[in-house]
Amino acid sequence: IAAGRKGFVPKAEIADMLDDFYQEMDGLLHLEDYDIIHSHYWMSGLLGLSVKAAYGLPLVHTSHSLGVAKAEATGVKEKKRIHAERKILRKADAVIATTPTEKKIIKKFAGSKPNVAVIPIGVARTFEEVKYRKPPVDARFVYAGRFTETKGLFTLLKAFRQFLKHDLSAELILAGGDENAINLNTGHPVLPVLCEAVEGIEDSVIFIGPTAQKELAVLFSKATAVIVPSYYESFGMVAAEAQGCGTPVIASEVGGLQDVVKDGKTGLLVPPENPKALSEAMTRLAEERRFTEKLGRAAMKREARMFTWPLIARTVQDLYEVIADGENPPSVSDGS
């Protein structure tokens with residue numbers, strides 16, 4: 001489908017291309033032959049509403065992130081997106097929330113009308129195939145994600161600086177980010193804002209750049225804890241993946257992370273944007289090795305019970321069957 005232009009297109013411009021995208025999609029596909037359409041993210045949801053209106057197909061929608069939740073965490077309100085999401089959530093035949101917390105947000109935002117089922121996101125088998133390891137003797141913490149303010153990276157760096165005052169042998173490994181922001185030969189950042197954030201602790205903070213899933217799985221399994229310090233997360237994929245490796249997670253007590261990580265059972269939850277609380281959680285897991293080991297074993301068991309794709313596929317299939325029969329979606333356990 002050639003809607004738009006070849007090359008990078010800023011996200012803000014994509015919504016203006018949806019009409020062209022739909023016309024081409026409608027010409028290429030025999031949409032009347034499908035039973036259900038399942039849209040992901042709000043722009044896909046708008047396309048889904050067009051198909052539903054034209055062909056009478058039932059629409060299942062998964063948001064994956066909500067503009068209203070993002071606005072609350074960042075203060076940036078995307079009016080066009082928020083208006084579209086409310087419309088999609090109200091008109092879809094079924095909505096899949098990935099956590100109970102997301103379901104509550106959807107109900108509050110879109111009203112009582114949406115039929116919402118809770119079905120989590122699955123963890124890739126790569127993370128489930130890693131053998132369980134006991135926590136390392138020397139504290140080692142891992143972060144994986146984008147290097148942005150809302151992901152809590154700078155909160156983490158402040159927390160780790162505090163942690164190092166009590167344990168100079170510890171290391172923090174940062175995976176992800178833009179390759180241009182890092183000198184992969186030295187493992188040090190090149191962006192001024194990152195250089196400033198690690199000044200004085202450069203030898204303890206290692207930047208490894210974008211990392212493949214198999215390498216991430218090994219990295220997670222060798223960590224004392226994986227840290228997810230985001231300001232908001234609709235689900236928290238990294239937290240689920242780390243638990244699949246048998247590694248406890250220290251995460252911000254926001255959004256879906258409150259459901260993915262069970263505080264005191266598979267990891268620790270801390271207030272967002274709070275370096276002191278995060279540093280204290282890191283200290284606890286570094287010092288209380290038996291507790292950390294207990295969390296890791298429980299994390300691996302919970303991932304196998306909650307976030308495996310075969311289980312999720314069956315649950316989604318059941319939902320499709322119900323929607324195709326014109327019934328309301330079932331309520332799915334939160335797995336606590």
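Structure first, text after, so check above.
A short tour of the structure in this document, coming up. Quick caveat: nothing in here was measured; it's all calculated off a predicted structure. (Residues numbered from 1 in each chain as written. Predicted model: local features only at pLDDT ≥ 70, side-chain atom pairs only at ≥ 80, totals over all residues. Heavy atoms only, no water.)

## Overview of the environment of Gly4
Here is step 1: With respect to the helices and strands, Gly4 occurs in the segment before α1 (11–14).
Here is step 2: For Gly4, a relative accessible area of 42% gives the class partly exposed. (Helix = DSSP H or I, 4+ residues; strand = E, 2+ residues; numbered from the N terminus. Buried < 20%, exposed > 50% of the residue type's maximum accessible area, 1.4 Å probe, protein only.)

## Notes on the pattern of salt bridges
Here is step 1: Counted by the stated rule, this structure contains 11 salt bridges.
Here is step 2: With its nearest N and O atoms 2.6 Å apart, the salt bridge here joins Glu280 to Lys276. Remark: Lys276 and Glu280 occur in helix α13 (residues 275–287); sequence separation between them is four residues, near one turn of the helix.
Here is step 3: Overall, Glu280 belongs to the partly exposed group, its relative accessible area being 46%. (Salt bridge = Lys/Arg side-chain N within 4 Å of Asp/Glu carboxyl O.)

## Brief notes about the sheet that holds strand β10 (residues 225–228)
Sheet strands line up and pair through hydrogen bonds in the backbone, either parallel or antiparallel.
Here is step 1: Spatially, the six strands line up as an open sheet ordered β9-β6-β5-β10-β11-β12, and their pairing is parallel. Both edges of this open sheet fall to β9 (205–209) and β12 (267–270), since each of them pairs with a single strand only. Here the average twist between neighbouring strands, direction ignored, is 20°.
Here is step 2: With five bridges joining them, strand β5 (residues 140–144) and strand β6 (residues 171–175) adopt parallel strand pairing. Considered in β6, the bridge of Arg140 is made with Glu171.
Here is step 3: On top of the sheet, helix α10 (residues 213–221) reaches β5, β6, β9 and β10; it is set at about 145° to β5, its chief contact. (Pairing = 2+ DSSP bridges. Axes fitted to C-alpha atoms, helices over the stretch in contact; angles between N-to-C directions. Contact = heavy atoms within 4.5 Å.)

## Remarks on the side chain of Ser39
Here is step 1: With respect to the secondary-structure elements, Ser39 resides in strand β1 (residues 37–40).
Here is step 2: A distance of 2.7 Å separates the side chain of Ser39 from the side chain of His61, its partner in a polar contact.
Here is step 3: Setting aside residues up to four positions removed in sequence, Ser39 forms contacts with Ser44, Gly45, Leu59, Val60, His61 and Thr62. (Polar contact = N/O pair within 3.5 Å; in protein donor to acceptor, adjacent residues only side chain to side chain.)

## Here's the deal with the pairing of strand β2 (residues 59–62)
Here is step 1: Neither face of β2 is left uncovered, since the one carrying Leu59 and His61 and the one carrying Val60 and Thr62 both have all their residues buried.
Here is step 2: Bridging between β1 and β2 involves four bridges; their strand directions are parallel. Considered in β2, the bridge of His40 is made with Thr62.
Here is step 3: Relative to strand β3 (residues 94–97), β2 is paired through three bridges, and the arrangement is parallel. What sits directly across from His61, in β3, is Val95.

## Brief notes about the sheet that holds β3
Here is step 1: Strand order in the open sheet formed by four strands is β1-β2-β3-β4, and the pairing between neighbours is parallel. Of all the strands in the sheet, just β1 and β4 (116–118) have a single pairing partner and so form its edges. Sheet twist, expressed as the average angle between the axes of neighbouring strands with direction ignored, equals 25°.

## Quick look at a positive patch on the surface
Here is step 1: Together, Lys87, Arg90, Lys91 and Lys113 make up a positively charged patch on the protein surface.
Here is step 2: Mapping Arg90 onto the fold places it in helix α5 (residues 79–91). (Patch = residues over 30% accessible without salt bridge, like charges linked within 9 Å, V, L, I, M, F, W, Y side chains within 5 Å. Areas by Shrake-Rupley, 256 points an atom, 1.4 Å probe, with all protein chains shown as cover. Lys, Arg positive; Asp, Glu negative; His and termini not counted. Charge placed at Lys NZ, Arg CZ, Asp CG, Glu CD.)

## Details of unusual backbone geometry
Here is step 1: Backbone geometry places Tyr41, a non-glycine residue, at a positive phi of 80°.
Here is step 2: Looking at where Tyr41 falls in the secondary structure, it is placed in the loop between β1 and α3 (42–55).
Here is step 3: Even without a glycine there, the phi angle at Glu273 is positive, about 55°.

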